[in-house]
Amino acid sequence: MNPNAKIYIAGHRGLVGSAIVRRLTASHPHILTRTHAELDLTNQAAVEVFFAAEKPEYVFLAAAKVGGILANNTYPADFIAINLAIQSNIIQAAHRHGVKRLLFLGSSCIYPRDCPQPMKEEYLLTGPLESTNRPYAVAKIAGIEMCWAYNRQYGTQYLAVMPTNLYGPGDNYDLNTSHVIPALIRKFHEAKLRGDKEVVVWGTGTPYREFLYSDDMADACVFLMNLDDARFQNVLDDGSGKLPPLVNIGTGVDLTIKELAECVGETVGFTGKIVFDASKPDGTPRKLLDVSRMNALGWHAGLNLQDGLKYAYRDFMQHSAH
């Protein structure tokens, strides 16, 4: 990416978007951002006006409605409708206004519920989805298909990246809508303050999950967008015509929710008992990404989970703890 190019980061206040802003600020002075109040991305006309006026050369599409199992179960219509609208409006506007490269951020939940492990990019659409987040997953799959379709029909360079579970600075710590790590951080922190003897964690504790620090994710996104033309084109199209322009991003290492809860408890300093409520849903049994494509390009995650949790807890204490 040319240092003087205009770069639009959609969703710059979110977990990944804010990390991409941090990653690019020093090297790229022309970063475009808009808050939701300034630009409603579900409004096609407003998005069109923005792209016509600003004409960004590169787009990071990190804007999305996101949440954990509870949020996905409670607001399924919002999760499919809002995400379809955001990505459709931005991808169409990017094409109409000559965006050079676009990076669309998806989610590992696009893969089948009972997917072989680790999950390769070619396993997309090979089996039923996990029911608890199917509306969100279908929206993200539509985004991948849209990138692929525009590349084939118009010769665009739109790449979809599928991160594993993310956490880090600026995370959402609302217990009703958050993902597992921020929810656990808040639960254990508040239990420690109250002097509780135990903390109840949803599910059986047996599912496996992989986690990536948000700044590592941002680094991977910028790495991909900075690939030379030949390598970027090879990522978009491997020549088979069968693989969508899709790359997994993760650590390639996972652990059980039970092990995760113990790590978070230790990080926060909670010394009580951890109890698992098996009446609550577990979600997908395992979601480990095959990151061999990304690693072959020369990128590897830099931060281990133990250090990442320390940084995340520090961020929670600075911005969210009461």
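Here, the structure is the one placed above.
A quick note: this is a predicted structure, and the numbers were derived from the prediction, not measured.

Asker: Mind laying out the side chain of His97, listing which residues take part and the relevant values?
Answerer: Summarising the element assignment, His97 is placed in the loop between helix H4 (76-96) and strand E4 (101-105). Looking at His97, the relative accessible area reads 17%, which means it is buried. Other than its neighbours up to four places away in sequence, His97 contacts Glu48, Phe51, Ala52 and Lys55.

Asker: So what's going on with the layout of surface pockets? Residues and values would help.
Answerer: Space inside the second largest pocket adds up to approximately 210 Å³. Surrounding the second largest pocket, 14 residues form its lining, Phe211, Thr251, Val253, Asn304 and Leu305 being those nearest its centre. Within the residue set of the lining of the second largest pocket, elements represented by two or more residues are strand E9 (211-213) and helix H11 (305-319). Considering every element that reaches the lining of the second largest pocket, the biggest residue donor is E9, with 3 residues. Its residues assigned to classes, the lining of the second largest pocket shows 8 nonpolar, 3 polar and 3 charged.

Asker: If you had to explain the packing of aromatic side chains to someone new, which residues and values would you point to?
Answerer: Here the structure, examined in full by the defined rule, presents 11 aromatic pairs. Taken together, the ring pairs in this structure connect Tyr8, Phe50 and Phe51 into an aromatic cluster. When the ring centre of Tyr75 is taken as origin, the NZ or CZ atom of Lys65, which lies over that ring, is 5.7 Å away. The ring of Tyr208 has Arg286 lying over it, and the distance from NZ or CZ to the ring centre is 5.1 Å.

Asker: Before we move on, could you go through the sheet that holds strand E8 (residues 208-209) and cite the residues and values that matter?
Answerer: The strand order E11-E8-E13 describes an open sheet built from 3 strands, whose pairing is mixed. The sheet is open, and its two edges are formed by strand E11 (255-256) and strand E13 (286-287), each paired on a single side.

Asker: Go over the packing of helix H1 (residues 15-24) against helix H7 (residues 214-225), please, and point to the residues and values.
Answerer: Viewed as axis vectors pointing N to C, H1 and H7 meet at an angle of 65°, and their least axial separation amounts to 8 Å. Our pair here, H1 against H7, has a crossing hand that is right-handed. Facing Leu15, Val16, Ala19, Ile20, Arg22, Arg23 and Leu24 of H1, the residues of H7 in contact are Ser214, Asp215, Met217, Ala218, Asp219, Cys221 and Val222.

Asker: Pulling in residues and values, what's your account of the nonpolar core?
Answerer: Counting 41 residues, the largest nonpolar core has Tyr8, Leu41, Phe51, Ile90, Leu102 and Tyr111 as the members making the most contacts within it. Going through the elements one at a time, strand E1 (7-10), helix H2 (44-54), strand E3 (58-61), H4, E4, helix H5 (134-154) and strand E5 (158-163) are the ones with two or more residues in this core. No other element matches H5, which puts 7 residues into this core. If we skip the residues at most four places from it in the chain, Tyr8 touches Leu32, Leu39, Leu41, Phe50, Phe51, Pro56, Tyr58, Val59 and Phe60. If you look at the next biggest cluster of nonpolar residues, it comprises 34 residues, including Ala19, Phe60, Ile249 and Trp299.

Asker: Hey, could you go over the packing of helix H6 (residues 180-194) against helix H9 (residues 257-268) for me, with residue numbers and the actual values?
Answerer: Where H6 meets H9, the axes come as close as 9 Å, and the angle between the chain directions of the two elements is 45°. Here H6 is positioned oblique relative to H9, judged by the angle of their axes. Read as a crossing pair, H6 and H9 show a hand that is right-handed. Residues Val180, Ile181, Leu184, Ile185, Phe188, His189 and Lys192 of H6 lie in contact with H9, whose contacting residues are Ile257, Leu260, Ala261, Val264, Gly265 and Val268. Of the residues contributing to the contact of H6 with H9, the split by class is 10 nonpolar, 2 polar and 1 charged.

So, how was this worked out
Each chain carries its own residue numbering, running from 1 in the direction its sequence is written. A pLDDT threshold of at least 70 governs which residues receive local features in this predicted model, and a stricter bar of 80 or more applies before side-chain atom pairs are shown or counted, although totals over entire chains, interfaces and linings include all residues. With hydrogens and water excluded, all non-hydrogen atoms of the structure serve as input to the side-chain values. Secondary structure elements are defined from DSSP: runs of H or I of at least 4 residues count as helices, runs of E of at least 2 residues count as strands, and each element is numbered from the N terminus. Each residue is placed in one exposure class: buried if its accessible area under a 1.4 Å probe, protein chains only, is under 20% of its type's maximum, exposed if it is over 50%, and partly exposed if it falls in between. Note on contacts: a residue pair is in contact if any heavy atoms of the two residues lie within 4.5 Å. Buriedness for pockets is judged along seven lines, at least five of which must meet protein on both sides within 12 Å for an open set on the 1 Å grid over protein atoms alone, while cavities are sets there where a 1.4 Å probe fits but cannot get out, and lining residues have an atom within 4 Å of a point. Grid points are joined across faces, edges and corners, and a volume is the space filled by probe spheres set on the points. Note that Gly is not counted as nonpolar here; it falls among the polar residues with everything else outside the nonpolar set of Ala, Val, Leu, Ile, Met, Phe, Trp, Tyr, Cys and Pro and the charged set of Asp, Glu, Lys and Arg. Under the pairing criterion, centres of Phe, Tyr and Trp rings, with the six-membered ring standing for Trp, must be within 6.5 Å; the plane angle then separates stacked pairs below 30 degrees from edge-to-face pairs above 60, leaving the rest tilted. Only when the NZ of Lys or the CZ of Arg is both within 6 Å of the ring centre and within 35 degrees of the ring normal is a charge said to sit over the ring. A pair of strands is labelled paired if DSSP reports no fewer than 2 bridges between them. Convention adopted: a line fitted to C-alpha atoms gives each axis, helices being fitted over their contacting stretch, and angles between N-to-C directions are expressed from 0 to 180 degrees. Should the near helix be turned counterclockwise from the far one by less than a right angle, the crossing is left-handed, whereas a clockwise turn marks it as right-handed. Buried Ala, Val, Leu, Ile, Met, Phe, Trp, Tyr and Cys residues that are joined via side-chain atoms within 4.5 Å together make up what is termed a nonpolar core. Any angle that falls under 35 degrees is termed roughly parallel, while one over 145 is termed roughly antiparallel, one within 65 to 115 roughly perpendicular, and all others oblique.

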